[in-house]
Amino acid sequence: MPRLTISPVDRVFVLTGAGISAESGIPTFRDAGGLWRNYRIEEVASPHAWRRDPRLVWDFYSMRRKVASAAKPNPGHFALATLEQALGDRLFLCTQNVDNLHEQGGARRVHHMHGELFKSRCDSCSLPPFADTSLHESPGEIPRCSCGGKIRPHICWFGETPFELEQIFRALDECSLFIAIGTSGSVEPAASFAAHVAGGARTFYVGPEAPANHAMFDECFLGKAGELLPGLFSC
Ligand code: OAD
């Protein structure tokens, strides 16, 4: 089993992707059976889709809320929560995932750069994102804000800017150890994080196969997150 030694002065940036939730039963995007094999991104996850057919968009995210509601964190999520307890603010946990399995696994400070499945916001006014576990499915109405705008999922769609980028790049600049877990390295800007820190930080990847950006990593630990992460960290 691989081991990663974390020194008392290391600052660790962890980037997770859909692969860490795969063992919890949440489908990834690009693997066989992945969401983008069955849905067209531009029809369900873009501002254009929202303008054209908000009903279809809410059906897609309601389906994802159902799947995520039934999921439980796996040993990979628990291992990262334990790492957070050990490192405190020397760990920056950034996820592309919109599920809440890191939080359910005990992590306290999770940076959701692609938004959160169980939050919604208004598409017209500055109403802050709010907790929303409801299913807004067909044939129901699209929920409305008091301003008259439509309530949309609090998700970063294709063509939109990810959340918290300033804080994320500050943490990338400060880290001495970068670990990407379960992400195919094909969606920007996250795909370039490893290149951004390479040279200044040690870089590692955890997942069953090498990602598209594998050349940016010092080492790839090949295996499932739920199997490798619980024994990976030595600090
Ligand atoms: P992908 O579906 O592109 O990649 C998932 C990765 O997880 C693959 O590289 C798999 O090899 C790996 N994987 C599968 N099972 C695993 C396991 N048990 N342990 C560890 N790794 C495993 O998903 P992401 O890279 O997360 O964006 O996708 C990035 C973004 O593209 C998503 O956040 C989403 C999507 O479009 C938005 O919706 C904005």
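Structure shown above.
Fair warning: this is a prediction, and the values are worked out from it, not measured in the lab. (Residues numbered from 1 in each chain as written. Predicted model: local features only at pLDDT ≥ 70, side-chain atom pairs only at ≥ 80, totals over all residues. Heavy atoms only, no water.)

1. Quick word on the side chain of Thr16
Put simply, the rule reads: Each helix is a run of H or I in the DSSP string that is no shorter than four residues. Each strand is a run of E no shorter than two, and both are numbered from the N terminus. Pairs of N or O atoms are called polar contacts if they sit within 3.5 Å, as long as, within protein, a hydrogen donor faces a hydrogen acceptor (for residues adjacent in sequence, only side-chain-to-side-chain pairs). Residues are treated as being in contact if the distance between any of their heavy atoms lies within 4.5 Å.
Residue position: Thr16 is located in strand S2 (residues 12–16). Reaching out from Thr16, the side chain makes a polar contact with the side chain of His102 at a distance of 2.9 Å. Apart from the residues within four sequence positions on either side, Thr16 is in contact with Leu80, Leu93, Cys94, Thr95, Gln96, Asn97, His102 and Ile181.

2. Section: the nonpolar core
This is how the line gets drawn: Think of a nonpolar core as a cluster: buried Ala, Val, Leu, Ile, Met, Phe, Trp, Tyr and Cys residues, connected wherever their side-chain atoms sit within 4.5 Å. The buried label goes to any residue with under 20% of its type's maximum accessible area, the exposed label to any with over 50%, and the partly exposed label to all in between, with areas taken from a 1.4 Å probe on protein chains only.
Leu80, Ile179, Ile181, Leu229 and Phe233 are the most contacted members of the largest nonpolar core, which totals 25 residues. Looking at this core, the elements with two or more residues in it are S2, helix H6 (75–87), strand S3 (91–95), strand S8 (177–181), strand S9 (202–207) and helix H10 (225–228). The greatest single-element share of this core, amounting to five residues, is contributed by H6. Contacts of Phe233, omitting those with residues within four sequence positions, involve Arg3, Leu4, Ile6, Leu80, Leu83 and Ile179. In this structure, Ile26, Leu35, Trp50 and Cys122 belong to the second largest nonpolar core, which totals 23 residues.

3. Quick look at the site of the ligand
To keep things clear, this is the line we draw: If a single non-hydrogen atom of a residue is within 4 Å of a molecule or strand, that residue counts as near it. The accessible surface values rely on the Shrake-Rupley method and a 1.4 Å probe; as for residues, cover is taken only from the protein chains in view. Residues were grouped as follows: Ala, Val, Leu, Ile, Met, Phe, Trp, Tyr, Cys and Pro as nonpolar; Asp, Glu, Lys and Arg as charged; and all remaining residues, including Gly, as polar.
As a structural note, the neighbourhood of the ligand is formed by 24 residues, with Phe29, Arg30, Trp36, Thr183 and Ser184 the closest of them. At a separation of 2.8 Å, an oxygen atom of the ligand approaches a polar backbone atom of Ala18. Here a nitrogen atom of the ligand sits 3.4 Å away from a polar atom, N or O, in the main chain of Gly19. Protein contact buries 95% of the 800 Å² of open area that the ligand shows by itself. Taken together, the residues of the shell around the ligand sort by class into 10 nonpolar, nine polar and five charged.

4. Details of the environment of Ala212
Here Ala212 shows up in the loop between S9 and strand S10 (219–222). Using a relative accessible area of 60% as the deciding quantity, one classes Ala212 as exposed. Distance from Ala212 to Val187, taken between C-alpha atoms, is 9.9 Å for residues 25 residues apart in sequence.

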